[in-house]
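What the coordinates show
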Amino acid sequence: MKLLQKALILGLTGGTHGRRGPTLKALLGSAVLATLAMGQSGCKSCGQEAPPAEAGKAAAETPAAAPADGAAVAAPEAASAAAVAAPEPVSPDVYPGPRSESLEGWRITTGFSTTKDEALTQPNALEDTRIYVTVLNADSRPVGQFDKLERAELHVFLVPRDLRYTVYSSGSGPVREGADARSVTLRSPEGGDHAMVAVFRPAGQRPKVVSAPLSIKGVLPEVMGPGLGSLSNRGKSEAETLVLTTMPGQLIVGQPAQLFAHDLKGDQAAGEVKLPFVVILNDQMGWGDVVEWNESGKATWIPRKAGDYLVLAPPTRGVRALAFRLHVDAAPAAN
């Protein structure tokens, strides 16, 4: 805990860059945010990032899964999945819920303030909250250099545990000169337990995703949401409605599959959409993968474990994220 507190203070004040020390006021403000962040940090029991395994075989060229509710989507041209490193399977011992740490050992610490820079112990529903995020690598060192992932250095999705809604925001640039931390501004429509899903790309590396538990202060709704089971392969934001399909249509653990998104007008496909990236999380939003569309317009994912998955994508505009559900089956038993 002391190590994370020190790391967040360094991140917010730029202490790792050898710059002139902060003022007393800035130091105190950073210390407050670091202290508040400790309640958001998860376990630190995961191992280090494993070397990439041999790329899986190309996916079978079968038609993509039919969209929900019978919507018609033209099958994409048959194509082999791009070669990607097969991820390590997930151990049953890994806590499946938000824990502030990725499977590879990347972590985040968080702090909160109003838009007037007044420190908060937790965000309030129906109020804009500035969320400060400091990234720590597997060696517990603050990371201050990021490459943009599409439009920003940091993407944050706020999702209640019962999936009543999804809120999205993004941000770029350090919170002050020389600092490691980035910030976004979010407004939760309701209170309760949430997962805060942070997506970022450390300079020169692949994108990472870390989800942290976050409690929002405010009145809970009288009727809770129906959860992941209510989602389908259709997602809707304020600007678009998309359908997500895969090739092959049946997803199998350890076998690569291509992802395809199509714009929908009513129940008819209006054309393929090449998303910048999606985040694919396990059903309790504890761990996941970031999948990008490459230069040739292809996106390949290799599932780590059987079960239902939540898929999140940033909207073209607005704050409502696109949310989908995918199902993965276990690999057939060997004869």
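**Some details on the overall build of the protein**
When helices and strands are counted, the protein shows two helices and 20 strands. Scored against the burial criterion, the 335 residues of the protein give a buried share of 51%. Counted over contacts in the protein with a minimum sequence separation of 6, partners at least 24 positions apart contribute 68%. Carbon and sulfur atoms make up 50% of the accessible area of the protein, which totals about 15400 Å².

**What about the pairing of strand β1 (residues 107-113)?**
Among the seven residues that make up β1, seven are buried, leaving the element largely enclosed by the rest of the structure. Burial along β1 is two-sided: Arg107, Thr109, Gly111 and Ser113 and Ile108, Thr110 and Phe112, pointing in opposite directions, are all buried. Sheet analysis places β1 next to strand β3 (residues 129-136), joined by seven bridges and oriented antiparallel. Bridged to Phe112 within β3 is Ile131. With two bridges joining them, β1 and strand β2 (residues 119-120) adopt antiparallel strand pairing. Across the sheet, residue Phe112 finds its bridge partner in β2, namely Leu120. Between the antiparallel neighbours β1 and β2 lie five residues, among them Asp117 with a positive phi of about 65°.

**What about the pattern of salt bridges?**
Under the defined criterion, the tally for this structure stands at eleven salt bridges. Glu104 is paired through a salt bridge with Arg304; the nearest N and O atoms lie 3.1 Å apart. With a gap of 200 residues between them, Glu104 in the loop between α2 (24-37) and β1 and Arg304 in the loop between β18 (300-301) and β19 (307-313) connect regions that are remote in the sequence. Look at Glu104 and you get buried, because its relative accessible area is 18%. Relative accessible area serves as the criterion here: at 9%, Arg304 is assigned to the buried category. Note that Asp117 and Arg130 form a salt bridge whose closest N and O atoms lie 2.7 Å from each other. Taken together, the residues span a long stretch of sequence, with Asp117 in the loop between β1 and β2 and Arg130 in strand β3 at a distance of 13 residues. The exposed category is assigned to Asp117, whose relative accessible area is 55%. Through salt bridges with shared partners, a single network forms among Glu104, Asp289 and Arg304.

**Focus: unusual backbone geometry**
Residues Met247 and Pro248 are joined by a peptide bond in cis, for which omega reads 5°. On the secondary structure map, Pro248 appears in the loop between β12 (241-247) and β13 (251-252). Its identity as a non-glycine residue notwithstanding, Ser140 has a phi of 65°, on the positive side. By the secondary structure assignment, Ser140 is in the loop between β3 and β4 (142-143). Under the relative-accessibility criterion, Ser140 is labelled buried at 15%. At Glu150, a position not held by glycine, the phi torsion is positive, near 60°. Relative to the elements of secondary structure, Glu150 occurs in the loop between β5 (146-147) and β6 (154-160).

**Quick notes on the sheet that holds strand β16 (residues 277-282)**
Each strand in a sheet pairs with another by means of backbone hydrogen bonds, the pair being arranged parallel or else antiparallel. Spatial strand order, β13-β20-β19-β16-β17: five strands in an open sheet with mixed pairing. Looking at strand neighbours, the two that pair on one side only are β13 and β17 (288-292), the edges of this open sheet. Inspection of the sheet shows β19 paired to strand β20 (residues 322-329) by seven bridges, in the antiparallel sense. Each residue of the ladder has a partner; that of Tyr309, found in β20, is Leu326.

**Observations regarding the environment of Tyr168**
Of note, Tyr168 is situated in strand β7 (residues 167-171). Judged by relative accessible area, which is 4%, Tyr168 ranks as buried. With 151 residues separating them along the chain, Tyr168 and Val319 place their C-alpha atoms 4.9 Å apart. Setting aside residues no more than four positions away along its own chain, Tyr168 makes contact with Arg151, His155, Val156, Phe157, Leu186, Pro314, Pro315, Gly318, Val319 and Ala321.

**So, the pairing of β16**
Along β16, six of the six residues are buried, which leaves the element largely enclosed by surrounding structure. Relative to β17, β16 runs antiparallel, the two sharing five bridges. Residue pairing across strands places Ile280 opposite Asp289, the latter belonging to β17. Counting the residues in the hairpin turn of β16 and β17 gives five residues, including Met285, whose phi is positive at 60°. Direction of pairing for β16 relative to β19: antiparallel, over a ladder of four bridges.

About the thresholds
- Residues numbered from 1 in each chain as written.
- Predicted model: local features only at pLDDT ≥ 70, side-chain atom pairs only at ≥ 80, totals over all residues.
- Heavy atoms only, no water.
- Helix = DSSP H or I, 4+ residues; strand = E, 2+ residues; numbered from the N terminus.
- Buried < 20%, exposed > 50% of the residue type's maximum accessible area, 1.4 Å probe, protein only.
- Contact = heavy atoms within 4.5 Å.
- Areas by Shrake-Rupley, 256 points an atom, 1.4 Å probe, with all protein chains shown as cover.
- Pairing = 2+ DSSP bridges.
- Salt bridge = Lys/Arg side-chain N within 4 Å of Asp/Glu carboxyl O.

Keep in mind that these numbers describe shape and distance, not what the molecule does.
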